[in-house]
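An overview of the molecular structure
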Amino acid sequence: MDGNNIRFIIKRQPTPQSTPHWEEFDLQWRHGMNVIIALRDIAENPVDRFGKVTTPVAYDSNCLEEICGSCAIRINGRAAMACSALVDKLEHPIRLEPLSRFPVVRDLVVDRGVLFENLKLIKAWVPLDGTYDLGAGPRIDPGTQEQMYPLSRCISCCLCLEVCPQVTESTRFVGAAIINQVRLFNEHPAGKTLKDERLHAMMGDGGIHECAYAQNCVQICPKNIPLTTSISIVYGQTMKKVLKDLVQSPETVTEGEVGHRRGVKNGS
Ligand code: SF4
Ligand code: SF4
Ligand code: FES
């Protein structure tokens, strides 16, 4: 920080295929400024610190209050939500990069589609549709509601995937957010009708056995979701299902299939 100026060093990549480069911007400090405000300032006046006119930095954001989950990036080398990252609390100069475990679309925007594909694979929903009226769903007692609420706070930001040592180019590990959704929908009185299918998916390539229990996920989650508890519970459910399948019909036990690959590696 120089006087009232804050320096930002930002990784730029105009297309998924192009080689990344760095650009530096000096911005006027403002009270309560966060990283998204800084990126907006650059978009209004895309001129680097040497006076060269450039393009606005592409980034994702929407709610500006840690609800939509879209603004996850790397700030000074650490995965974080840009909308709640106050510049006064960061080391200067401030270095911004896209998440490293996902393909870059442009600048700070990455394609996190793998999370949504994996949500489909584990059937992260309550089955409601049918060709006839299914009637009112089962009542959920307050105790179950209390247990489920913290699990339902996931904002799909993918920070837990970004810091997980098991999420790499060579694995298909689904990560803590997906495992937590398995627990959430398995606890729902109507959602549990698909419990066996979810646990079957958890048994396969990319499934729960690939978690090394490093616990980085639970430490970074901006919604304080008890991710390691979810992992332990779903692990127990999956083991029970394996044993049940073995006892009932050993010849039909097959591995499930879960875990889309994350696509191309970012440039560096
Ligand atoms: S406990 Fe560790 S290995 Fe398992 S999902 Fe969390 S960060 Fe990844
Ligand atoms: S579990 Fe937490 S860190 Fe992971 S995607 Fe959901 S909100 Fe983000
Ligand atoms: S802008 Fe929605 S979480 Fe940051």
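The residue count restarts for each chain, going from 1 along the sequence in the order it is written. Chain letters start at A and ligand numbers start at 1, both assigned in the order the entries are written. Where local features are concerned, this predicted model is filtered to residues with pLDDT of at least 70; where side-chain atom pairs are given and counted, the filter is 80 or more; whole-chain, interface and lining totals use all residues. Excluded from the side-chain calculations are hydrogens and water; all other atoms, namely the structure's heavy atoms, are used.

Re the overall build of the protein
The condition that has to hold: Only DSSP runs of H or I covering at least 4 residues are called helices, and only runs of E covering at least 2 are called strands; the numbering of each starts at the N terminus. Only the protein chains shown count as cover for residues, and the accessible areas themselves come from Shrake-Rupley with a 1.4 Å probe. His is not counted, nor are the chain ends; Lys and Arg add positive charge and Asp and Glu add negative charge. Working definition for charges: the position is that of NZ of Lys, CZ of Arg, CG of Asp or CD of Glu.
Of the regular secondary structure elements, the protein holds eight helices and seven strands. Dimensions of the protein along its principal axes, counting C-alpha atoms only, are 70 × 40 × 40 Å. Total accessible area computed for the protein in this model is approximately 13,900 Å², and 52% of it derives from carbon and sulfur atoms. One way to put it: in the protein the 30 positive side-chain charges average out to a point 2 Å from where the 31 negative ones average out.

Some remarks on the site of ligand 2
The condition is simple: Nearness is defined per residue: one heavy atom within 4 Å of the molecule or strand is enough. Only protein atoms enter the 1 Å grid, on which a cavity is a set of points fitting a 1.4 Å probe that cannot get out and a pocket is an open set with protein on both sides within 12 Å along at least 5 of 7 lines, lining residues being those with an atom within 4 Å of a point. To be counted as sitting in a cavity or pocket, a molecule needs more than half of its atoms within 2 Å of that site's grid points.
Around ligand 2 sit Cys154, Ile155, Ser156, Cys157, Cys158, Cys160, Ala177, Cys221, Pro222, Lys223, Ile225 and Leu227, and those are all the residues in its vicinity. The cavity that encloses ligand 2 is the second largest cavity.

Things to note about the layout of surface pockets
Over the atoms a probe the size of a water molecule is rolled, and this reveals where empty space is left. Put simply, the test is: Grid points are joined across faces, edges and corners, and a volume is the space filled by probe spheres set on the points. Classification used: nonpolar for Ala, Val, Leu, Ile, Met, Phe, Trp, Tyr, Cys and Pro, charged for Asp, Glu, Lys and Arg, polar for all others including Gly.
In this model, the largest pocket occupies a volume close to 230 Å³. Lining the largest pocket, in full, are Glu66, Ile75, Asn76, Arg78, Ala80, Met81, Ser84, Ala85, Leu86, Lys89 and Leu90. The element that contributes the greatest number of residues to the lining of the largest pocket is strand E4 (residues 78–81), accounting for three residues. Across the lining of the largest pocket, the residue classes break down as six nonpolar, two polar and three charged. Volume-wise, the second largest pocket comes out at about 160 Å³. Every residue along the wall of the second largest pocket is listed here: Val126, Pro127, Leu128, Leu134, Gly135, Ala136, Gly137, Pro138, His188, Ala190 and Thr193. Classifying every residue of the lining of the second largest pocket gives seven nonpolar, four polar and no charged.

Digging into the environment of alanine 190
By secondary structure assignment, the location of alanine 190 is in the loop between helix H5 (176–187) and helix H6 (195–202). On a C-alpha basis, the gap between alanine 190 and methionine 148 in space is 13 Å, while along the polypeptide they are 42 residues apart.

Re the confidence of the model for the protein
When pLDDT drops low, the exact placement of atoms in the prediction is not to be read closely. Put simply, the test is: Every residue gets a pLDDT, meaning the predictor's confidence in that residue, from 0 to 100. Here, two residues are considered to be in contact whenever any of their heavy atoms come within 4.5 Å of each other.
Confidence along the protein averages 92 in pLDDT terms, with 92% of residues attaining 70 or more. Predicted confidence for residues 264–268 stays below pLDDT 50, and this span has 14 contacts to residues more than four positions away or in other chains.

Some points on the site of ligand 1
Lining the immediate environment of ligand 1, one finds 13 residues, of which Cys164, Cys211, Ala214, Gln215 and Cys217 sit closest. The site holding ligand 1 turns out to be the largest cavity.

Notes on the domain arrangement of the protein
Heads up, the rule is: Domain segmentation is taken from an automatic or database assignment of domains. Here the quantity called buried area is the accessible surface, traced with a 1.4 Å probe, that two parts lose on coming together, added over both. One speaks of a salt bridge when a side-chain nitrogen belonging to Lys or Arg is within 4 Å of a carboxyl oxygen belonging to Asp or Glu.
The domain architecture assigned to the protein consists of domain 1 (5–110) and domain 2 (113–252). The C-alpha-based centres of domain 1 and domain 2 are spaced at 32 Å. Taken together, the 13 residues of domain 1 in the interface contact 14 residues of domain 2. Interface area, domain 1 with domain 2, both sides summed: about 1,100 Å², of which 58% is carbon and sulfur. On the domain 1 side of the interface with domain 2, the three residues burying the most area are Glu66, Arg101 and Phe102, jointly 50% of the side's total. Where domain 1 meets domain 2, there are one salt bridge. A salt bridge links arginine 74 to glutamate 162, with the shortest nitrogen-to-oxygen separation between them at 2.6 Å. Elements represented by at least two residues in the side of domain 1 that touches domain 2 include exactly strand E3 (72–75) and E4. The greatest single-element share of the side of domain 1 that touches domain 2, amounting to three residues, is contributed by E4.

Topic: H5
Put simply, the rule is: In a helix, the anticipated span is given by 1.5 Å times the number of residues less one. We call a residue buried when its accessible area falls under 20% of the maximum for its residue type, exposed when it is over 50%, and partly exposed in between, using a 1.4 Å probe and counting protein chains only.
Look at H5: 17 Å from first C-alpha to last across twelve residues, which is about the 16 Å you get at 1.5 Å a residue. Taken as a whole, H5 has its buried residues at Ala176, Ala177, Ile178, Ile179, Asn180, Gln181, Val182, Arg183, Leu184, Phe185, Asn186 and Glu187. The elements touched by buried residues of H5 are helix H2 (113–121), helix H3 (142–151), helix H4 (159–162), H6, helix H7 (216–220) and helix H8 (227–248).

Side note on a nonpolar patch on the surface
Let me state the cut-off plainly: Each patch is built from salt-bridge-free residues with over 30% relative accessible area, joining like charges within 9 Å and nonpolar side chains (Val, Leu, Ile, Met, Phe, Trp, Tyr) within 5 Å.
On the surface, Leu243, Leu246 and Val247 cluster together into a nonpolar patch covering about 310 Å² of accessible area. Here valine 247 shows up in helix H8.

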